[in-house]
Amino acid sequence: MYMTIRDELIAQGRADGMAKGMAKGIAQMLARLLDTRGLALTDELRQRIARCKDEAVLQRWFDRAVTAATLAEVFDD
């Protein structure tokens with residue numbers, strides 16, 4: 001079927017919203033994981049996590065956070 005420009009814009013808006021929601025969820029779980037593991041986040045790092053919209057970066061940080069002994073191991077690239 002043919003999509004109208006309106007339909008395309010709505011679909012793009014939904015996709016963008018889902019991506020933002022996914023990034024926000026990963027960011028929240030990352031902060032929770034670090035807190036639970038006793039790796040105290042600074043306000044600066046909390047803001048860095050919250051501002052990050054790149055899902056791949058958030059996933060990389062999360063994966064590192066599972067075994068990291070320090071915050072530097074999570075965030076230093």
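The rules behind each value
- The written sequence of each chain sets the order in which its residues are numbered from 1.
- Per-residue local features are limited, in this predicted model, to residues with pLDDT of at least 70; the limit for side-chain atom pairs, both in listing and counting, is 80 or more; totals at the level of whole chains, interfaces and linings are taken over all residues.
- Based on all heavy atoms of the structure, the side-chain values leave hydrogens and waters out of the count.
- Only DSSP runs of H or I with at least four residues qualify as helices, and only runs of E with at least two residues qualify as strands; both kinds are numbered from the N terminus onward.
- In this setup the radius of gyration rests on C-alpha atoms only. A globule is expected at 2.2 Å times the number of residues raised to 0.38.
- Two residues qualify as a contact provided that any one of their heavy atoms is within 4.5 Å of a heavy atom in the partner residue.
- What sets the accessible areas is the Shrake-Rupley method with a 1.4 Å probe; for residues, cover comes only from the shown protein chains.
- For the purpose of counting charges, residues Lys and Arg are taken to be positive, whereas Asp and Glu are taken to be negative. His and the chain ends are not included.
- Throughout, a charge is located at the NZ atom of Lys, the CZ atom of Arg, the CG atom of Asp or the CD atom of Glu.
- Aromatic pairs are defined between Phe, Tyr and Trp rings, using the six-membered ring for Trp, whenever the two ring centres lie within 6.5 Å; interplanar angles under 30 degrees are classed as stacked, those over 60 as edge-to-face, and all others as tilted.
- Type-normalised accessible area, obtained with a 1.4 Å probe on protein chains alone, sets the label of each residue: buried when under 20%, exposed when over 50%, and partly exposed for intermediate values.
- Only buried Ala, Val, Leu, Ile, Met, Phe, Trp, Tyr and Cys residues count toward a nonpolar core, and they belong to the same one when joined by side-chain atoms within 4.5 Å.
- Of all possible arcs, the one meant is that of the directions from the helix axis to the C-beta atoms.

Our focus in this paragraph is the overall build of the protein chain. On a plain count of helices and strands, the protein chain comes out with four helices and zero strands. Each helix and strand of the protein chain, placed in order from N terminus to C terminus, yields the pattern α-α-α-α. The C-alpha radius of gyration computed for the protein chain amounts to 16 Å, which surpasses the reference 11 Å derived for 77 residues by more than 25%, pointing to a less compact arrangement than a globule. Restricting to contacts in the protein chain with at least 6 residues of sequence separation, those with at least 24 account for 58%. Split by element, the accessible area of the protein chain, about 5700 Å² in all, is 57% carbon and sulfur. On the protein chain, the mean spot of the 12 positive side-chain charges and the mean spot of the 12 negative ones are 5 Å from each other.

Another point: the packing of aromatic side chains. Under the counting rule described, the total for this entry stands at one aromatic pair. Judged by centre distance (5.0 Å) and plane angle (65°), the ring pair of Trp 61 and Phe 75 falls under edge-to-face. Residue Trp 61 is located in helix H3 (residues 55-67), and its partner Phe 75 is located in helix H4 (residues 71-75); the two are separated by 14 residues in the primary sequence. Take Trp 61: its relative accessible area is 3%, and that puts it in the buried class.

Counting residues in hydrophobic clusters, the biggest one holds 20 residues, and the most contacted among them are Leu 34, Leu 41, Ile 49, Leu 58, Trp 61 and Phe 75. Elements with a minimum of two residues in this core: helix H1 (5-36), helix H2 (43-51), H3 and H4. The greatest single-element share of this core, amounting to seven residues, is contributed by H1. Apart from residues lying up to four places away in sequence, Phe 75 is in contact with Leu 30, Leu 34, Leu 41, Leu 45, Arg 48, Ile 49, Trp 61 and Arg 64.

Moving on, we get to H3. Along H3, the residues that are buried comprise Val 57, Leu 58, Trp 61 and Ala 65. An end-on view of H3 places all buried positions within 95° of arc, on one side of the element. For H3, exposure combined with an orientation more than 90 degrees from the buried face picks out Ala 56 and Thr 67. If you follow the buried residues of H3, they end up packed against H1, H2 and H4.

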